[in-house]
Amino acid sequence: MNKYRGHSFRMTCRRIMIVIAAWTLFVHVMLAAKDANQLIVHADQGKETISRHIYGHFSEHLGHCIYGGIWVGEDSKIPNTRGIRKDVVEALKKINIPNLRWPGGCFADEYHWMDGIGPRSKRPKMINTHWGGVTEDNSFGTHEFLDLCEQLGTEPVICGNVGSGAVEEMSKWVEYINFDGVSPLADMRRMNGREEPWGVRYWGVGNENWGCGGEMTAEFYADQYRRYATYCRNYGRSRLFKIAGGAGEADYHWTEVCMEHIGPGRMWGLSLHHYTTTVWGAPKGSATEFDEQGYFVILDKCLKIPEVIDNHIAIMDKYDPQKRVALVVDEWGTWYDVEPGTNPGFLFQQNTIRDALVAGIHLNEFNKRCDRIRMANLAQTFNVLQAVIFTQDDQMMTTPTYHVFDMYKVHHDATLLPSDLKCENYQLDDKILPSLNASASRDSSGKVHISLCNIDPNRSAGLDCELQGMKVKKVTGRVLTASEINSHNTFEKPDTVKPVPFKDIKIDGSHLSMVLPAKSVVVLEVQ
Ligand code: AHR
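As a starting point, this report considers the structure included with it. Note that the coordinates shown come from a computational prediction; the quantities given were computed from them, not determined experimentally.

## Brief notes about the pattern of salt bridges
Thinking step 1. Enumeration over the complete set of coordinates arrives at 26 salt bridges.
Thinking step 2. Measuring nitrogen to oxygen at the nearest pair gives 2.8 Å for the salt bridge that ties D147 to R82. Of this pair, D147 sits in helix α3 (residues 142–152) while R82 sits in the loop between β3 (80–81) and β4 (84–85), and the two are 65 residues apart along the sequence.
Thinking step 3. Note on D147: relative accessible area 13%, which makes it buried.
Thinking step 4. Residue D310 is joined to R369 by a salt bridge in which the shortest nitrogen-to-oxygen separation is 2.6 Å. Pair noted here: D310 is in helix α9 (residues 305–319) and R369 is in the loop between α10 (353–368) and β13 (373–379), with a separation of 59 residues, a long-range link.
Thinking step 5. Exposure remark for D310: the relative accessible area of 33% places this residue in the partly exposed category.

## Details of the sheet that holds strand β11 (residues 269–276)
Thinking step 1. Spatially, the eight strands close up into a barrel ordered β2-β5-β8-β9-β10-β11-β12-β13, and their pairing is parallel. The sheet shows a mean angle of 30° between the axes of neighbouring strands, direction not considered.
Thinking step 2. As judged from the two bridges shared by strand β2 (residues 56–58) and strand β5 (residues 99–102), these two strands associate in the parallel manner. Its bridge partner lying in β5, H57 is registered against L100.
Thinking step 3. Helix-sheet contacts for α3 involve β5 and β8 (155–160), and the interaxial angle to β8 is about 155°.

## Some details on the packing of aromatic side chains
Two aromatic rings are characterised by how far apart their centres lie and by the angle between their planes.
Thinking step 1. Under the criterion given, the structure shown has 25 aromatic pairs.
Thinking step 2. Measuring from centroid to centroid gives 5.8 Å for W173 and W203, while their planes differ by 75°, and the two rings are edge-to-face. Of this pair, W173 sits in helix α4 (residues 167–178) while W203 is found in strand β9 (residues 202–205), placing the two residues 30 residues apart along the sequence.
Thinking step 3. Take W173: its relative accessible area is 3%, and that puts it in the buried class.
Thinking step 4. One aromatic cluster in this structure is built from W71, W102, F107, Y111, W113, F140, F145, W173, Y176 and W203.

## Observations concerning the site of the ligand
Thinking step 1. With respect to spatial proximity, 13 residues lie near the ligand, and among them E60, C106, E208, Y275 and E331 are the closest.
Thinking step 2. Taking Y275, its side chain carries an N or O atom lying 2.7 Å from an oxygen atom of the ligand.
Thinking step 3. The side chain of E331 places a nitrogen or oxygen atom 2.8 Å from an oxygen atom of the ligand.
Thinking step 4. Within the complex, 94% of the 280 Å² of free accessible area of the ligand lies under protein.
Thinking step 5. Of the residues in the shell around the ligand, the class split is six nonpolar, four polar and three charged.

Conventions used here
Residues numbered from 1 in each chain as written. Predicted model: local features only at pLDDT ≥ 70, side-chain atom pairs only at ≥ 80, totals over all residues. Heavy atoms only, no water. Salt bridge = Lys/Arg side-chain N within 4 Å of Asp/Glu carboxyl O. Helix = DSSP H or I, 4+ residues; strand = E, 2+ residues; numbered from the N terminus. Buried < 20%, exposed > 50% of the residue type's maximum accessible area, 1.4 Å probe, protein only. Pairing = 2+ DSSP bridges. Axes fitted to C-alpha atoms, helices over the stretch in contact; angles between N-to-C directions. Contact = heavy atoms within 4.5 Å. Phe/Tyr/Trp six-rings, centres within 6.5 Å; stacked < 30°, edge-to-face > 60°. Near = heavy atom within 4 Å. Polar contact = N/O pair within 3.5 Å; in protein donor to acceptor, adjacent residues only side chain to side chain. Areas by Shrake-Rupley, 256 points an atom, 1.4 Å probe, with all protein chains shown as cover. Nonpolar A, V, L, I, M, F, W, Y, C, P; charged D, E, K, R; others polar.

Functional significance is not addressed by these values, which are geometric in nature.
Written out as structure tokens, the structure is:
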């Protein structure tokens, strides 16, 4: 045997040993976890639809969300369509963005829409008092936002000004946007270049009116809502879906008062804002510089969302057992300290695999409550909080959270399949969290999709998954994971965290067995 043949023989033996070792590890993990990690998907059941609007987004006049993130103006060297960046439109279309909420947020309750129409050079300027005290030149207004929505093929969700506005102002905005006939407002729209009404259906009546939206009591807001909503008219065939400004976090009194005093007949939805953060106030901790304690704290906070939602839903059920009013989680996501050296009022933070897990868990929990939750909006789309897209001059990149929305888009308008999950704990010192989180759905072509999160950053998880009532013929999947708990994408390395095919799945009749890597999000497609 010459030197080279001896070398290739050794290489072959080594490869065989690696394969045997990997297989032994797989079997070992599977056997160890067989009883511990089990998911039963009732593939022969399911009646509720997971509204695609659960996968909605939110863009406020805040930092570089609108200006720089989406709007660069017609004269920019950055490729754009009528001032709107082409690269971000393309990226958002890929994840089938179903709706976009605008113009805020806190900004909504100091925004006067008439300042944002007509020739841009003549639009008055204002101070964005909430977000850095910068000058807002109103160059991105109603026409620009609705043009963006048309380019994206997405539904606009417009939030009106209750805090510092007037009933008449909001009423006229609806007329300007939706009225088809002859009226002063519809004529003004035509004069500004838009013949056809847009027919916007979703209207938020104020934002956080217990706080930045006017510091109101729940009782006062409920009365205000009734006034505002009365004069938001249905024009033509467009029926308005009015969303009452709801509670922040665990403010159950707010939900109780809105349900009792506004009642199911007057609102399509009631909102809820829930951010995943360590504390309100500073310091909240860095988006990227954290140890396992910091990782654990955020996932612990994130896993509180089911309880908070269920408590709000229980109140809604009391007044509305038929579930006519949707729970609209129109602001959610992680909130950390801003990146060093950036404007504290611009809320720019990085995004790691930890954020991807937070997104995966929220979306699973929303899916499982789709009989009540019919819309949700991640805060915020570009360059702010848990963004899906970062821009820097002419560069654009996607975050780990973007990839979760891409992987989970298979759930849009699919039928929720009930599931039961039993799993091991992820333990850090004396604290524990359930290591796995899941949801499942069947799409209109009969394919079943299962989304899974393994939050344990140190251990992979063997999982036995039974699809009751289904004989599995084929399964494919994608996995999003990373080498470190703080792995993230940058403009220099935009693909550090990105999904890859997930292949290690064994089929046995109606059972699947697999090993979910540590800190991973996996989505399976089963036929
Ligand atoms: O998303 C940032 C801010 O958070 C929003 O403007 C406000 O509604 C919430 O407090």
